[in-house]
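Structural features, examined
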Amino acid sequence: MNDLTTNFCGVILTNPFVLPSGIITEIPEHKRAIEAGVGAVTLKSLTYHKREGNPIPRVWRYDCGMINSVGLRNAGIEKGSEEIAKFIEENKKIPVIVSLFATKIEEFIYLIDKIVPLEPAIIELNLSCPNVDDEFGKPLGMERGAAGQIVKEVKKRSFKIPVLAKLSPNVTNISEIAKSCEHAGADGIAAINTVGPGMIIDINKKKPVLGAIKGGVSGQGILPIAVRCVYEIYEAVKIPIIGMGGVSKWQDAVEMIMAGGTLIGVGTATYSKGMRIYEELKKDLIIYMQKQNIKNLKDIVGIAHH
Ligand SMILES: Cc1cc2nc3c(=O)[nH]c(=O)nc-3n(C[C@H](O)[C@H](O)[C@H](O)COP(=O)(O)O)c2cc1C
């Protein structure tokens, strides 16, 4: 029997596929991924204040994926935590990962103290959003000292809930940052956030397509960067990894697992293939496992390193 059941930081998932943060914006809407058979959902990153996001257009598709500058559009912690409480209550069968973004450690502490009582399965710290640099400067997690410090403070308050650090590929040495997060007590790593920023110019309008001019690149085109990042992180740490970035078919998922991902995030591909992509991936992965005589996916996590 080929089994997709996966244990990630003590949380049991029926399959390794995860909806990454921000692919769906409204909290109740995340139910669509659950109904489609995903293994876990990550909610849109929540911030202290309500945020309207960047000027429109905020997303733009291109041949190899997508560019976005959503700019953390969300309801803010007060309203957001109410919506999250309701969502967790109504969706007990699937692990819910709550994603938090802050620009100061004190803000992260405030967010954590609000979220921990809601008992999400996992908390993910977005240390890597590229779309708010102009507003806040470089995200805190782009520098290993700051990333570790945030994780350390959060871990003091998260009790038994596993804490993940979501990292950016837009750094010189992603494994150093992962190591510092592990050292500070992180239970796992999520990688990668979007690549860039990038820019696409509308040659008819003769100006950049996005309202915010620049944006993070996701989808198919970033797969090799994501695989390389996950590979490097796997070499550097012992904690498990959610590998994401450009996965759109089962072969990509297998690559990501072989690089070192225990779970696989599939985000941008849901825009073109629909939420049914999760069922397809599960079916195709099982066929691959049968052909290769792989009983459990953990047998091939990181196998490309051997
Ligand atoms: C429209 C959009 C919004 C996103 N918003 C967030 C967010 O709020 N927080 C976050 O951590 N990542 C966010 N991301 C990044 C994704 O979670 C993911 O890391 C990235 O898109 C790579 O995976 P993919 O190529 O499968 O989409 C966003 C991505 C997209 C396309």
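What counts and what doesn't
Residues numbered from 1 in each chain as written. Predicted model: local features only at pLDDT ≥ 70, side-chain atom pairs only at ≥ 80, totals over all residues. Heavy atoms only, no water. Helix = DSSP H or I, 4+ residues; strand = E, 2+ residues; numbered from the N terminus. Rg over C-alpha atoms; globule rule 2.2 N^0.38 Å. Contact = heavy atoms within 4.5 Å. Areas by Shrake-Rupley, 256 points an atom, 1.4 Å probe, with all protein chains shown as cover. Lys, Arg positive; Asp, Glu negative; His and termini not counted. Charge placed at Lys NZ, Arg CZ, Asp CG, Glu CD. UniProt positions renumbered as here; feature names shortened; annotations may be inferred. 1 Å grid on protein atoms, 1.4 Å probe; cavity = no way out; pocket = protein on both sides within 12 Å on 5 of 7 lines; lining within 4 Å. Near = heavy atom within 4 Å. Polar contact = N/O pair within 3.5 Å; in protein donor to acceptor, adjacent residues only side chain to side chain. Sits in = over half its atoms within 2 Å of the grid points. Nonpolar A, V, L, I, M, F, W, Y, C, P; charged D, E, K, R; others polar. Buried < 20%, exposed > 50% of the residue type's maximum accessible area, 1.4 Å probe, protein only. Pairing = 2+ DSSP bridges. Axes fitted to C-alpha atoms, helices over the stretch in contact; angles between N-to-C directions. Expected span 1.5 Å × (residues − 1).

Helices and strands together make up the secondary structure of the protein, namely 10 helices and 16 strands. Computed over C-alpha atoms, the radius of gyration of the protein comes to 18 Å, within 12% of the 19 Å expected from 2.2 N^0.38 for 306 residues, which places it in the range of a compact globule. When the backbone C-alpha atoms are referred to their principal axes, the protein occupies close to 50 × 50 × 40 Å. Long-range pairs, those at least 24 residues apart, make up 70% of the contacts in the protein between residues at least 6 apart in sequence. When the accessible area of the protein is evaluated, it comes to approximately 13600 Å², of which 53% is carbon and sulfur surface. Of the charged side chains in the protein, 37 are positive and 33 negative; the average position of the first set lies 2 Å away from that of the second.

What follows concerns the UniProt feature "binding site: FMN" (unreviewed entry) in the protein. Residues annotated by UniProt as "binding site: FMN" (unreviewed entry) correspond here to S21, K44, S45, N126, K166, I192, G219, G245, G246, G267 and T268. Lining the largest pocket, out of the annotated residues just given, are S21, K44, S45, N126, K166, I192, G219, G245, G246, G267 and T268. Along the chain, S45 falls in the loop between β4 (40-42) and β5 (59-62). Every residue in contact with S45, bar those within four places of it in the chain, is listed here: S21, L72, N74, S99, F101 and N126. Residue position: N126 is located in strand β8 (residues 122-126).

Further remarks concern the site of the ligand. By nearness alone, 25 residues border the ligand, and S21, S45, K166, G246 and T268 come closest of all. Contact distances for the ligand include 2.7 Å between an oxygen atom and a backbone N or O atom of S21. One of the backbone nitrogen or oxygen atoms of G219 is found 2.9 Å away from an oxygen atom of the ligand. Out of a free accessible area of 610 Å², the ligand has 97% covered by protein chains. More than half of the atoms belonging to the ligand lie within 2 Å of the grid points that define the largest pocket. A per-class count over the shell around the ligand returns 10 nonpolar, 13 polar and two charged.

A few words now on the side chain of T47. By the secondary structure assignment, T47 is in the loop between β4 and β5. Residue T47 is classed as buried on the basis of its relative accessible area, which comes to 5%. Within the local environment of T47, its side chain forms a polar contact with the side chain of N74, the two groups lying 2.8 Å apart. In contact with T47, not counting residues within four places along its chain, are L72, N74, G76, I77, F101 and L111.

What follows covers the sheet that holds β5. Hydrogen bonds along the backbone pair up the strands of a sheet, which may run parallel or antiparallel. In space, the four strands of this open sheet follow the order β5-β6-β14-β11, with antiparallel pairing throughout. Each edge of the open sheet is held by one strand with a lone partner, namely β5 and β11 (195-198). Taking the axes of each pair of neighbouring strands and ignoring which way they run, one obtains an average angle of 30° across the sheet.

Looking now at the environment of K207. With respect to the element layout, K207 can be found in strand β13 (residues 207-208). On a C-alpha basis, the gap between K207 and I109 in space is 40 Å, while along the polypeptide they are 98 residues apart. Aside from chain neighbours lying at most four places away, what touches K207 is I200, I201 and D202.

Time to look at helix α5 (residues 144-155). The terminal C-alpha atoms of α5 lie 16 Å apart, and with 12 residues this matches the ideal 16 Å at 1.5 Å per residue to within 8%. Listed as buried for α5 are A146, A147, G148, I150, V151 and V154. The inward-facing, buried residues of α5 abut α3 (105-115), β8, β9 (163-167) and α6 (174-183).

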